[in-house]
Amino acid sequence: MDSNPDFLVQFKNVQKSYDGVHLVVKDFNVDMVKGEFLTMLGPSGSGKTTCLMMLAGFETATSGQIILDGQSINNVAPHKREIGMVFQNYALFPHMSVAENLAFPLQVRKMGKSEITEKVNHALKMVRLDHFANRRPAQLSGGQQQRVAVARALVFRPKLVLMDEPLGALDKNLREEMQYEIKHIHEDLGVTMLYVTHDQVEALTMSDRIAVFDDGIVQQLASPHVLYDEPTNAFVANFIGENNRLMGKVVSIEGDVCSVELDGGGGLVQAKKINVAGVGDRTTLSLRPERVIVDPAAGECPNNCEARVEELIYHGDHTRTRVSVSGSTDFIIKVPNTHNQQHMKRGQSIRIGWNTGDCRALDA
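In this text, all values refer to a predicted model and were calculated from it rather than measured experimentally. (Residues numbered from 1 in each chain as written. Predicted model: local features only at pLDDT ≥ 70, side-chain atom pairs only at ≥ 80, totals over all residues. Heavy atoms only, no water.)

The next subject is the overall build of the protein chain. Scanning the protein chain for helices and strands turns up eight helices and 20 strands. Each of the three principal axes of the protein chain carries a C-alpha extent, and together these read 75 × 50 × 35 Å. Put simply, the protein chain has 364 residues, and 47% of those count as buried. Contacts spanning at least 24 positions in sequence make up 66% of the contacts within the protein chain whose residues lie at least 6 apart. Taken together, the 38 basic and 44 acidic charged side chains of the protein chain have centroids lying 5 Å from each other. (Helix = DSSP H or I, 4+ residues; strand = E, 2+ residues; numbered from the N terminus. Buried < 20%, exposed > 50% of the residue type's maximum accessible area, 1.4 Å probe, protein only. Contact = heavy atoms within 4.5 Å. Lys, Arg positive; Asp, Glu negative; His and termini not counted. Charge placed at Lys NZ, Arg CZ, Asp CG, Glu CD.)

Turning our attention to the sheet that holds strand 4 (residues 63-68). Pairing is antiparallel across the open sheet formed by four strands, whose spatial order is 2-1-4-5. In this open sheet, the two edge strands, each paired with only one partner strand, are strand 2 (23-33) and strand 5 (71-72). Where strand 4 lies against strand 5, two bridges are found, and the strand directions are antiparallel. Across the sheet, Ile 67 pairs through a bridge with Ser 72, a residue of strand 5. Sitting on the sheet, helix 1 (residues 48-56) touches strand 1 (7-17), strand 2 and strand 4, and the angle it makes with strand 1 is about 115 degrees. (Pairing = 2+ DSSP bridges. Axes fitted to C-alpha atoms, helices over the stretch in contact; angles between N-to-C directions.)

This next bit is on the sheet that holds strand 20 (residues 359-362). The five strands lie next to each other as 11-12-13-20-14, forming a closed barrel whose pairing is mixed. Strand-to-strand twist of the sheet, defined as the mean angle between neighbouring strand axes without regard to direction, takes the value 50 degrees. Looking at chain direction, strand 11 (residues 244-254) and strand 12 (residues 257-262) are connected through six bridges and run antiparallel. Note that in strand 12 the partner of Lys 249 across the bridge is Glu 261.

When its domains are assigned, the protein chain resolves into domain 1 (7-234) and domain 2 (243-363). Distance between the C-alpha centres of domain 1 and domain 2: 39 Å. Between domain 1 and domain 2, the contact holds eight residues from the first and nine residues from the second. Joining domain 1 to domain 2, the criterion identifies six residue pairs in polar contact (both at pLDDT 80 or more). (Domains from an automatic or database assignment. Polar contact = N/O pair within 3.5 Å; in protein donor to acceptor, adjacent residues only side chain to side chain.)

Helix length check: helix 4 (residues 142-154) (13 residues) gives 19 Å between terminal C-alpha atoms against 18 Å at 1.5 Å per residue, within 8%. Of all 13 residues in helix 4, 12 are buried; the element is thus mostly enclosed. Every buried residue of helix 4 is accounted for by Gly 143, Gln 144, Gln 145, Gln 146, Arg 147, Val 148, Ala 149, Val 150, Ala 151, Arg 152, Ala 153 and Leu 154. Those residues of helix 4 that are buried are in contact with strand 6 (83-87), helix 2 (98-108), helix 3 (113-126), strand 7 (160-164), helix 5 (172-189) and strand 8 (192-197). (Expected span 1.5 Å × (residues − 1).)

Take Glu 165: it is sitting in the loop between strand 7 and helix 5. We note that Glu 165 is buried and unpaired, the nearest opposite charge coming from Lys 48 at a distance of 4.5 Å. Aside from chain neighbours lying at most four places away, what touches Glu 165 is Lys 48, Gln 88, Val 196, Thr 197 and His 198. (Salt bridge = Lys/Arg side-chain N within 4 Å of Asp/Glu carboxyl O.)

This paragraph deals with the packing of helix 2 against helix 4. At a minimum axis separation of 8 Å, helix 2 and helix 4 run at an interaxial angle of 25 degrees. Here helix 2 is positioned roughly parallel relative to helix 4, judged by the angle of their axes. Judged by the twist between their axes, the crossing of helix 2 over helix 4 is right-handed. Between helix 2, through Val 98, Asn 101, Leu 102 and Pro 105, and helix 4, the contact on the second element is made entirely by Val 148, Ala 151 and Arg 152. (Parallel < 35°, antiparallel > 145°, perpendicular 65-115°, else oblique. Left-handed = near helix turned anticlockwise from the far one by under 90°.)

Spelled out as structure tokens, the structure:
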């Protein structure tokens, strides 16, 4: 098998169809480095969970190869893949205690009693539940049950752990707490993790790399920092974080900078040329709200325009300010709440600006 020893998981030209006509996963190619935390992120129906299920063995690839630790596993039964799994619904045995739930995968592997006890105790300490060994799942909170599910997936020391929307059933505070918990466990153990979610904040918080899915295709695969600051197309720019979109037409190109005539008589804007072919192309300009400067000094920004304040929402550390600009009434600015901040009012006209490098000319 043509494989790289540094990669634990390789998807090679993998496709999946349920009806033989429509592909829900299209030519999927991803290599996972050993010890990596890779997240598959995308809207419902984008193909991310199908990829995880094919790796787990619960779905069969229509074509292509799935390689685990150098060996093709297309025809390997799920229980022989030695993969740990965590689901959104925990999937704990209600009639067993916490310790018995953790011992079960070890008993299936016919480990000795003393070894099982040692591994269960270690796993419980790892998720800070060593005082809950004798409780039943129904006696635990949602966060505690999810900790048990994580511990059970790790107790037999698998090479790979798969997590499918594991925090979706938790409330906001618990979800954030468990994000850090799982991230720290990953860092401490160095285990390879593949995580599926539709929550972009979760993906940005936890991942080494993120594969952004749409319509069965990976739109971009990169680190959280690169995905947020350097999206390669309009879908990724809009799906990851908050994003301002301005529509227009490319009127000139000089090196990696293009001039765009905004729709609605908004004038010319200088933008970084990312995903446009040439002059005359329609384009979507992508600009993050925190990169917009209110009342810029003379010469501070190459792009300047007038805007009208439509809405002010206080967020503690910043005020989310919605303005009308160039025909758009949904242009967002995040104004930091510092001592020298400019106090704005609804209906007020303001001057805003931004740098060329912060504005990306993407597909229309």
